[in-house]
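In case you want the letters, here they are:
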Amino acid sequence: MIKTPLTLNGAELLRTELHRLKTVERPSVIAAIAEARSHGDLSENAEYDAAKERQGFVEGRIAEVESKLSTAQIIDPKLLDADGRCVFGATIDLEDLDTNKRVIYQIVGEDEADLKAGKISINSPIARALVGKFAGDVAEVQAPGGVREYEIIEVRYI
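Residues numbered from 1 in each chain as written. Predicted model: local features only at pLDDT ≥ 70, side-chain atom pairs only at ≥ 80, totals over all residues. Heavy atoms only, no water.

Explain the overall build of the chain to me, please; I cannot follow it from the model alone.
Along its length, the chain carries three helices and seven strands. Going from the N terminus to the C terminus, the chain shows its helices and strands as β-α-α-β-β-β-β-α-β-β. In terms of overall size, the chain is more extended than a compact globule, its C-alpha atoms giving a radius of gyration of 22 Å where 158 residues would be expected to give roughly 15 Å. Taken over the C-alpha atoms alone, the chain extends approximately 70 × 35 × 25 Å along its principal axes. Relative to its full complement of 158 residues, the chain shows a buried share of 35%. The contacts in the chain between residues at least 6 apart in sequence include a share of 54% that link residues at least 24 apart. In the form shown here, the chain has an accessible surface area of approximately 9500 Å², with 52% of it arising from carbon and sulfur atoms. (Helix = DSSP H or I, 4+ residues; strand = E, 2+ residues; numbered from the N terminus. Rg over C-alpha atoms; globule rule 2.2 N^0.38 Å. Buried < 20%, exposed > 50% of the residue type's maximum accessible area, 1.4 Å probe, protein only. Contact = heavy atoms within 4.5 Å. Areas by Shrake-Rupley, 256 points an atom, 1.4 Å probe, with all protein chains shown as cover.)

Could you clarify how one ought to interpret the sheet that holds strand E7 (residues 146-156) in this entry?
Strand pairing in a sheet is mediated by backbone hydrogen bonds. Such pairs are either parallel or antiparallel. Pairing within the open sheet is mixed, and its five strands lie in the order E5-E4-E3-E7-E6. Among the strands making up the open sheet, the edge pair consists of strand E5 (119-121) and strand E6 (138-143). Pairwise comparison of adjacent strand axes, ignoring direction, gives a mean angle of 45 degrees for this sheet. (Pairing = 2+ DSSP bridges. Axes fitted to C-alpha atoms, helices over the stretch in contact; angles between N-to-C directions.)

When you look at the environment of Ile2 in this model, what are you seeing that I'm missing?
Along the chain, Ile2 falls in the segment before strand E1 (4-7). Note: C-alpha distance between Ile2 and Asp83 (81 residues apart in sequence) is 26 Å.

Looking at this structure, I do not really get helix H1 (residues 8-37). What am I missing?
Given 3.6 residues to a turn, an α-helix orients residues that are three or four positions apart in the same direction. End to end, H1 covers 42 Å across 30 residues, agreeing with the expected 44 Å (1.5 Å per residue, within 8%). At Leu21, H1 is deflected by roughly 35 degrees, the largest bend along its length. Gly10, Ala11, Leu14, Glu17, Leu18, Leu21, Glu25, Val29, Ile33 and Ala36 are the residues of H1 that are buried. On its buried face, H1 sits against E1, helix H2 (46-70) and strand E2 (72-75). (Expected span 1.5 Å × (residues − 1). Bend = angle between axes of the 7 residues up to and from the residue.)

Would you explain the UniProt feature "domain: Transcription elongation factor GreA/GreB N-terminal" (unreviewed entry) in the chain in this entry?
Those places that UniProt annotates as "domain: Transcription elongation factor GreA/GreB N-terminal" (unreviewed entry) correspond, in this numbering, to residues 5-74. The span residues 5-74 shows a helical share of 79% and a strand share of 9%, and its end C-alpha atoms are spaced 6 Å apart. (UniProt positions renumbered as here; feature names shortened; annotations may be inferred.)

What is the right way to read the pattern of salt bridges from this model?
Pairs can form between side chains of opposite charge whenever their charged atoms are close. Scanning the model with the defined rule gives 13 salt bridges in all. Where Glu12 meets Arg15, a salt bridge forms, and the shortest distance between an N and an O atom there is 3.5 Å. Residue Glu12 and its partner Arg15 are both found in helix H1; the two are separated by three residues, about one turn of the helix. Arg15 gets classed as partly exposed once you look at its relative accessible area, which sits at 39%. Glu17 is the salt-bridge partner of Arg61, the closest N and O atoms lying 2.7 Å from each other. Remark: Glu17 occurs in helix H1 and Arg61 occurs in helix H2; sequence separation between them is 44 residues. Residues Arg61 and Glu17 agree in their burial class; the two are buried. (Salt bridge = Lys/Arg side-chain N within 4 Å of Asp/Glu carboxyl O.)

In structure tokens, the structure reads:
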């Protein structure tokens, strides 16, 4: 079984979503199905069809989140000892050598990735270029617009 890396925060977000799906969404869908059934003929009942479709979505998402959590390798970035190397969970300060613009990214699992929040997937081109490098190194990233170069200013484990 392939382990999927997740940060401690990412695992907690998935657990919270799973709890909400099981305690709020599932009972709500069951109530909607019961309500729609009470209207009689199910063959032409759009409310029943919509509730059953919603139930399929909720149950599918519950199964997906449970699967992700069962195969997760949960990594706490604070406990990493990578000697300043860029690794999963690290927060990295970068400077774009073309524009001199500074950015801060944390390398996270696919489900946690959110570029606006500064979280990049471990499978993204920039993360793959950064992994294994140290502060002071230059990472070349193959971007859709061509090769971009980033200097690693600092690597933190927070």
